[in-house]
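Residue-level listing of the chains:
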Amino acid sequence: MEGNANKASSGQQGFRRGTRHLIQLYSALLYNAHLKGFIEGRIYQGNTKAVCVPGFNCYSCPGAVGACPLGSIQNALASSGHRAGWYVIGILLLYGVILGRTVCGWACPLGLIQELLHKIPTPKIRKSRITQALSWLKYVILAVFVVAIPLWYGLAYDVPLPGFCKYICPAGTLEGAMRLLPANRSYLNMLGILFTRKFVIMLVIGLTCIFLYRSFCRFLCPLGAIYGLFNRFNVIGVKVDANRCNHCGACVRSCGMDVRRVGDHECINCGKCMDVCRQGAISIKAGKVTLKAPDMGCAGDGPDAPGKRRRFGRIAAGIALGVLCFALLWYNVLDPSIRKTAPSPKLQATQEAPAGGNKSPRTEQANIVETEPDSIVETEMASTVETKPTTTVKTEPDITVKTVPAGAVETESSSIAKAESASIGEIEPTGTVKANPNSATETEAASTREEKAQSDSFVSTAPIGHEEGQQLEDFTATCYDGSTFHLADMKGKVVFINLWATYCTPCVHELPYFSDLYQEHEGDVAILAVHSSLVAKDDPEEFIADKGYAMPFTTDTKDNAIFNIVGGSPTLPQTIVLNRKGEVIYNQVKSITPETLNALYEKAAG
């Protein structure tokens, strides 16, 4: 009997651990339901990206369908000079009150990765007073990198700087860069000492997790520090039955976290302590509803309580499976934001013209312009010139003979000038030159030929696209000042298109460089700064109102039309440069300097 009881107890413990790992895996898959992003190496940009998920999951992960709450709170603090981040604060309060650090134990993808690393068979470092002291480090990181740095740069310099994401966060390096870089070689231009440092930090954290249980959660994670503040009164979490507890301390000794008691700010509510409590004093509850009970049941359970919990578990599992299936279907097939937009008729005509068949209007126009000789215009204009009788002028070497009125004296130089004037007019018997009406026609023809030659030099036969050597498809954007930016009207100018966002620190830094270039080469340079609002619905008009930038600004359409045309990336900043023909000579996701801008201008203007 005792052996059977031990087997049953062991089976229950294994079931609990297996259930938690399944829920962790489920959460990771639900947070990153855009599986298509891992294949294509592109970040999801749909509407749900503005919603914070409960767990620690990088926004830049190709599969992420929501925003990381830690990144969102940094962005809200950095923008506090313009608006209050009530939404992010409210969502964190909601998650904290309902779940607390239950998120860390059950619904954090990074927590699952740490636990899997810890399963690698190596000698393990046990917790001690040193690890308990180090557990307070995450609160220092929360105060400095999550709160102080974004606030300081936002209020003092009006520059968004998410300190933790930029300098420490291993999730951005692991979940974002490790998949985006192989699929987007142009991103390699963005790498520098900052990425190298973060890569080293990621490796060090990964190695320590092998020897030390959940080292990132215990020592570094600011999100866990925030949720830990709510552990005393969270709705869902481990609860201790005071009537059953004999204060033996087995729960604290067996816990891998640096807890001093069950349910304190370091407890992740994983429920492992239920396996070692011989009194059956620990359970996982949602208010008064028991979600996981000890083997001997909870105090006050009725005879049908275990059956009700099993039925509830099956119903919850069925609903969760249905939600996951719908999420996978939506984010990979049905969501309009991930569908490839059909090419415009102009693009189709250019790309689909069969060999030897009808050519696209753009190609025909280009061929006509390139092959049409200027002599056609000259011949047509010459045929319209009428010959009128004029007085014959006889000239001798160095002597000009001309009939002039009596008493009139004409110098040799003036007679030469009049003789030269005769080429464009008639000479009256009195010696005066009468304007030839055909001269105006010839002048207009010359002007037309000059304009036509200039127009011909700005026509490109390059294929439509956003890669270097291609020409961008035409588009029109309405700017904040009410003006209209029509790309086709910019032929003959050097065009810079800058993709930026208020939450992007490098973007904000380089905006003055574009404004200076625009003012320095006014009339010869066209610049359009296109704002992206993928993370938060910022107000860029308010952001730039007091900057005094001279160049045009706009925000992309809801369907990201401009971003699609220019090959825009969710990773910012991005700069696209067109020469006078509208051909792309530069398209990089990279921070830019004034020296680089001037060099690009010289190259495009040449």
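Just above sits the structure.
Only a predicted model underlies this, so the values are computations on that prediction, with no experimental measurement involved.

Criteria and thresholds
Chains are numbered independently. Their residues run from 1 in the order of the written sequence. It should be noted that, the model being predicted, local features are given only for residues of pLDDT at least 70 and side-chain atom pairs only at 80 or more, the latter also being counted only at that level, while totals for whole chains, interfaces and linings use all residues. To obtain the side-chain values, all non-hydrogen atoms of the structure were included, while hydrogens and water were left out. In what follows, a disulfide is any cysteine sulfur pair within 2.5 Å. For every residue, the accessible area obtained with a 1.4 Å probe (protein chains only) is divided by the maximum for its type, and the residue is called buried under 20%, exposed over 50%, and partly exposed between those limits. Counting from the N terminus, the helices are DSSP H or I runs at least four residues long and the strands are E runs at least two residues long. For a helix, the expected span equals 1.5 Å multiplied by the residue count minus one. A residue's bend is simply the angle between two axes: one fitted to the seven residues ending at it, one to the seven starting at it. Here, two residues are considered to be in contact whenever any of their heavy atoms come within 4.5 Å of each other. Angular values range over 0 to 180 degrees, each being the angle between N-to-C directions of two axes fitted as lines to C-alpha atoms, with helices fitted over their stretch in contact. In what follows, roughly perpendicular refers to angles from 65 to 115 degrees, roughly parallel to angles under 35, roughly antiparallel to angles over 145, and oblique to any angle outside these ranges. Handedness of a crossing follows from how the near helix is turned relative to the far one, being left-handed for an anticlockwise turn of less than a right angle and right-handed for a clockwise one. The classification used treats Ala, Val, Leu, Ile, Met, Phe, Trp, Tyr, Cys and Pro as nonpolar, Asp, Glu, Lys and Arg as charged, and all other residues, Gly among them, as polar. Should DSSP find at least two bridges between two strands, the strands are regarded as paired. By convention in these notes, a salt bridge is any Lys or Arg side-chain nitrogen within 4 Å of a carboxyl oxygen on Asp or Glu. If you view a crossover with the strands going away from you and the path from the first strand over the helix to the second runs clockwise, you call it right-handed. Positive charges come from Lys and Arg alone, negative charges from Asp and Glu alone, with His and the N- and C-terminal ends not counted. A 3.5 Å cut-off defines polar contacts: any pair of N or O atoms within that distance qualifies, except that in protein one atom must be a possible hydrogen donor and the other a possible acceptor, and neighbouring residues in sequence count only when both atoms are side-chain atoms.

Peer 1: Mind showing me how you'd approach the state of the cysteines here?
Peer 2: Tallied over the entire structure, the rule returns one disulfide. Between the sulfur atoms of Cys504 and its disulfide mate Cys507 the distance is 2.3 Å. Linking Cys504 and Cys507, the disulfide has an S-S dihedral of approximately 75° and is accordingly described as right-handed. Using a relative accessible area of 7% as the deciding quantity, one classes Cys504 as buried. The thiol of Cys165 is unpaired, and the distance to the nearest cysteine sulfur, on Cys169, comes to 5.4 Å. Looking at the unpaired Cys209, the closest cysteine sulfur is the one in Cys217, lying at 7.6 Å. By relative accessible area, which is 1% here, Cys209 ends up buried.

Peer 1: Even after reading the chapter, I still don't get helix 8 (residues 137-156), so can you show me in this structure?
Peer 2: Since the α-helix packs 3.6 residues into each turn, any two residues three or four apart lie on the same face. The first and last C-alpha atoms of helix 8 sit 26 Å apart over 20 residues, in line with the 28 Å expected at 1.5 Å per residue. Ala148 marks where helix 8 bends most, by close to 35°; the proline Pro150 follows one to four residues later. Every buried residue of helix 8 is listed here: Lys138, Tyr139, Ile141, Leu142, Val146, Ile149, Pro150 and Gly154. The secondary structure elements touched by the buried residues of helix 8 are helix 3 (69-78), helix 7 (129-134), helix 9 (163-167), helix 12 (215-219) and helix 13 (222-228). Taken from the residues just after helix 8, Asp158 is the one with a positive phi, measuring 60°.

Peer 1: Explain the packing of helix 6 (residues 109-118) against helix 11 (residues 193-211) here, please?
Peer 2: Each pair of packed helices gets described by two things: the angle between the helix axes and the distance between those axes. Orientation of helix 6 relative to helix 11, taken along the N-to-C sense of each, is 55°, at an axis distance of 7 Å. Classified by the angle their axes make, helix 6 and helix 11 are oblique. Both helix 6 and helix 11 take part in a crossing whose hand is right-handed. When helix 6 is examined against helix 11, the residues Gln114, Leu117 and His118 are found in contact with a partner set consisting of Gly206, Cys209, Ile210 and Phe211. Grouping the constituent residues of the contact of helix 6 with helix 11 by class yields four nonpolar, three polar and no charged.

Peer 1: Got a minute to help me understand the sheet that holds strand 2 (residues 282-286) in this structure?
Peer 2: Strand pairing in a sheet relies on backbone hydrogen bonds, with the paired strands running either antiparallel or parallel. Across the sheet, three strands lie side by side as 1-2-3; this open sheet has antiparallel pairing. Because the sheet does not close on itself, it has two edges, and the strands there are strand 1 (236-240) and strand 3 (289-292). On average, each strand axis in the sheet is inclined to that of its neighbour by 50°, with strand direction left out of account. Where strand 1 meets strand 2, five bridges bridge the pair, whose relative direction is antiparallel. Bridge pairing in strand 2 links Gly237 to Lys285.

Peer 1: What exactly am I supposed to notice about the pattern of salt bridges here?
Peer 2: Across all of its chains, the model carries eight salt bridges by this definition. Across the salt bridge formed by Glu115 and Arg20, the nearest N and O atoms sit 2.9 Å from each other. Pair noted here: Glu115 is in helix 6 and Arg20 is in helix 1 (residues 2-31), with a separation of 95 residues, a long-range link. Arg20 shares its class with Glu115; the two are buried. Among the charged side chains, a salt-bridge network with shared partners connects Arg20, Glu115 and Arg214.

Peer 1: What is the right way to look at the pairing of strand 10 (residues 494-500) in this model?
Peer 2: Residues in a regular strand project their side chains so that they alternate between the two faces of the sheet. Most of strand 10 sits out of view: seven of its seven residues are buried. Relative to strand 11 (residues 525-531), strand 10 is paired through seven bridges, and the arrangement is parallel. Note that in strand 11 the partner of Trp500 across the bridge is His531. In this fold, strand 10 hands off to helix 21 (residues 505-520), which returns the chain to strand 11; that crossover is right-handed. The pairing of strand 10 with strand 13 (residues 574-578) spans five bridges and is classified as antiparallel.

Peer 1: Quick question: what am I supposed to make of the sheet that holds strand 11 here?
Peer 2: One open sheet holds the five strands; their spatial order is 12-11-10-13-14, and the pairing between them is mixed. Edge positions in the sheet fall to strand 12 (553-555) and strand 14 (584-589), since each of these pairs with one other strand and no more. Put simply, the sheet's adjacent strands are angled 15° from each other on average, direction ignored. Here strand 13 pairs with strand 14 via five bridges, running antiparallel. Each residue of the ladder has a partner; that of Val577, found in strand 14, is Tyr586. On top of the sheet, helix 21 reaches strand 10, strand 11, strand 12 and strand 13; it is set at about 160° to strand 10, its chief contact. Along the sheet, helix 24 (residues 594-605) makes contact with strand 10, strand 11, strand 13 and strand 14, crossing strand 10 at roughly 140°.

Peer 1: Hey, could you run me through the side chain of Lys198 in this one?
Peer 2: By the secondary structure assignment, Lys198 is in helix 11. We note that Lys198 is buried and unpaired, the nearest opposite charge coming from Glu175 at a distance of 11 Å. A distance of 2.6 Å separates a polar atom in the side chain of Lys198 from the backbone oxygen of Cys165. When neighbours within four sequence positions are excluded, Lys198 is seen to be in contact with Cys165, Lys166, Tyr167, Ile168, Cys169 and Thr173.

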